[in-house]
Amino acid sequence: MNPKGKLLIIGGHEDRADNEVEIKDDNHEFSPNEILKLLVTSKNDRIEVITAASSEPESMRDTYQKTFTEIGYTNFGFLHTIDESMPLDLYLERISKSKTVFFTGGDQNNIRRHLQNSAIRSLLKEKYQKEEGFIIAGTSAGAMYLPEIIICDAENGEAILENDIKLDSGLGLLSSFIVDTHFVHRGRFGRLAHAVLLHQELCGIGLGEDTAMLIEDGSKAICKGSGMTIIISAKNVGQTNINSAEKGFPVYAEDLTVHILTENCIIDLNTGKMEKSNRSKSRK
């Protein structure tokens, strides 16, 4: 059964109060706060922001409080899951009443450490499966944590070297994909390609900055924002030494499949087929 909820995965550095999107003056598809406006359908809907990934949760709260107020959101709060002064039942109650749960950036390993065996994780998965219109969103590390398998650590070298990537389990909402963020700006093609070569049954979603994928029914995804999303598949890979390269030696591969998606491009994540985008010629 397809999940009734939605996912919003964001590549980081989305347009908000503390960020300057460099491409905005040149890209005619740029729209201020476009991605964060997708968090809820009504400005009165409850948003719970989880700052577990961040080492500076107070700074995160200040940033998103300012941005959400500018957008016109009226019903939001912040949770940091290492706050021992707040009982678990209160966390669960607040999340159960929310329309959107949003994971901020930071370090995906921090979220995993706090939530992996938590009742919060189970509640989020249940709401995503059963609650119509419920949204789980994440930016940067928050987006990387949402799939079943996540990149915990990896090198961004000039070559893909055997044993220079570490994968582990995440929230488990995307079972067929691995997500990477800041993908273009930080040159992360190699590490995402490495991940999908190690798990050729999966595809990689590489999200550019100020770029997001809104996923409905578990598989129908539309690209939003001013940047681009790269989809990488190794399902039809030809020659590769991924299973024979020794530690520290470079990995090669033939016939990787790559898609480039930009604003309003739609893709079926199950089949890999893109639909014609419903693109306007001008934005007012």
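Presented here is a report on the structure given in the accompanying data block. Not measured: the values here are computed from a predicted model.

Analysis parameters
Residues numbered from 1 in each chain as written. Predicted model: local features only at pLDDT ≥ 70, side-chain atom pairs only at ≥ 80, totals over all residues. Heavy atoms only, no water. Helix = DSSP H or I, 4+ residues; strand = E, 2+ residues; numbered from the N terminus. Rg over C-alpha atoms; globule rule 2.2 N^0.38 Å. Buried < 20%, exposed > 50% of the residue type's maximum accessible area, 1.4 Å probe, protein only. Contact = heavy atoms within 4.5 Å. Areas by Shrake-Rupley, 256 points an atom, 1.4 Å probe, with all protein chains shown as cover. Lys, Arg positive; Asp, Glu negative; His and termini not counted. Charge placed at Lys NZ, Arg CZ, Asp CG, Glu CD. Phe/Tyr/Trp six-rings, centres within 6.5 Å; stacked < 30°, edge-to-face > 60°. Pairing = 2+ DSSP bridges. Axes fitted to C-alpha atoms, helices over the stretch in contact; angles between N-to-C directions. Patch = residues over 30% accessible without salt bridge, like charges linked within 9 Å, V, L, I, M, F, W, Y side chains within 5 Å. Salt bridge = Lys/Arg side-chain N within 4 Å of Asp/Glu carboxyl O. Core = buried A, V, L, I, M, F, W, Y, C linked by side-chain atoms within 4.5 Å. Polar contact = N/O pair within 3.5 Å; in protein donor to acceptor, adjacent residues only side chain to side chain.

**Details of the overall build of the protein**
Working step 1: The helix and strand inventory of the protein stands at six helices and 15 strands.
Working step 2: Over its C-alpha atoms the protein spans a radius of gyration of 18 Å, differing by no more than 12% from the 19 Å that the globule rule assigns to 284 residues.
Working step 3: With the principal axes as the frame, the protein shows a C-alpha extent of 55 × 50 × 40 Å.
Working step 4: Sorting the 284 residues of the protein into buried and exposed places 52% on the buried side.
Working step 5: Of the contacts formed within the protein by residues at least 6 apart in sequence, a portion of 73% connects residues at least 24 apart.
Working step 6: Of the roughly 13,500 Å² of accessible surface on the protein, 45% is carried by carbon and sulfur atoms.
Working step 7: The average position of the 32 basic charges and that of the 42 acidic charges among the side chains of the protein differ by 6 Å.

**Let's talk about the packing of aromatic side chains**
Working step 1: Applying the stated rule across the entire model yields seven aromatic pairs.
Working step 2: Their ring planes at 80° and their centres at 5.2 Å tell us that Tyr 64 and Phe 102 sit as a pair that is edge-to-face. Pair noted here: Tyr 64 is in helix H1 (residues 57–71) and Phe 102 is in strand E4 (residues 100–103), with a separation of 38 residues, a long-range link.
Working step 3: Judged by its relative accessible area of 0%, Phe 102 is buried.
Working step 4: Relative to Phe 189, the ring of Phe 183 has its centre 6.4 Å away and its plane inclined at 55°; by these criteria the two rings are tilted.

**A closer look at the sheet that holds strand E11 (residues 220–225)**
Working step 1: On the basis of which strands lie adjacent, the open sheet formed by nine strands has the order E3-E2-E4-E5-E1-E10-E11-E14-E15 and mixed pairing. Edge strands, defined here as strands with exactly one partner in the open sheet, are strand E3 (76–79) and strand E15 (274–275).
Working step 2: Of the pairings in the sheet, the one linking strand E2 (residues 47–50) to E4 comprises four bridges and is parallel in character. Bridge assignment links Val 49 to a residue of E4, and that residue is Phe 102.
Working step 3: Where H1 meets the sheet, it contacts E2, E3, E4 and strand E5 (135–139), and its direction lies at approximately 165° from that of E3.

**Description of a nonpolar patch on the surface**
Working step 1: Taken together, the side chains of Phe 189, Val 258 and Ile 260 make up a nonpolar region of the molecular surface, amounting to roughly 270 Å² of accessible area.
Working step 2: Counting through the fold element by element, Val 258 comes out in strand E13 (residues 257–261).
Working step 3: The class of Val 258 is partly exposed, set by a relative accessible area of 40%.

**Overview of the nonpolar core**
Working step 1: Among the nonpolar cores identified, the biggest contains 43 residues, and Ile 9, Phe 103, Leu 124, Ile 136, Ile 205 and Met 213 are the most heavily contacted of them.
Working step 2: The biggest single contributor to this core is helix H4 (residues 119–130), with four residues.
Working step 3: Excluding its chain neighbours within four sequence positions, the residues that come into contact with Met 213 are Leu 7, Leu 8, Ile 9, Ile 205, Leu 207, Ala 221, Ile 222, Cys 223, Thr 229, Leu 261 and Ile 267.

**What about the side chain of Ser 98?**
Working step 1: By the secondary structure assignment, Ser 98 is in the loop between helix H2 (88–96) and E4.
Working step 2: Setting aside anything within four residues of it in sequence, one finds Ser 98 in contact with Arg 46, Glu 48, Lys 127, Glu 131 and Phe 134.

**Some remarks on the side chain of Asn 19**
Working step 1: Position of Asn 19 relative to the elements: it lies in the loop between strand E1 (6–10) and E2.
Working step 2: Of note is the side chain of Asn 19, whose polar atom sits 3.0 Å from the backbone oxygen of Glu 14.
Working step 3: Filtering out sequence-adjacent residues up to four positions away, Asn 19 remains in contact with His 13 and Glu 14.

**Points about the sheet that holds strand E8 (residues 177–180)**
Working step 1: On the basis of which strands lie adjacent, the open sheet formed by four strands has the order E8-E9-E12-E13 and mixed pairing. Taken across any chain shown, the strands that pair with only one partner, and hence form the sheet edges, are E8 and E13. Taking each pair of neighbouring strands and ignoring which way they run, the sheet shows an average axis angle of 20°.
Working step 2: Two elements, E8 and strand E9 (residues 203–207), share four bridges in a ladder whose sense is parallel. The partner of Phe 177 across the bridge, within E9, is Cys 203.
Working step 3: Where helix H6 (residues 189–198) meets the sheet, its contacts fall on E8, E9, strand E12 (229–233) and E13, and the angle it forms with E9 comes to roughly 160°.

**Some words on unusual backbone geometry**
Working step 1: Here the phi dihedral of His 182 falls at roughly 50°; this positive angle occurs in a residue that is not glycine.
Working step 2: Relative to the helices and strands, His 182 resides in the loop between E8 and H6.
Working step 3: Residue His 182 is classed as buried on the basis of its relative accessible area of 7%.
Working step 4: One non-glycine residue with positive phi stands out, namely Asn 264, at about 75°.
Working step 5: With respect to the secondary-structure elements, Asn 264 resides in the loop between E13 and strand E14 (266–268).

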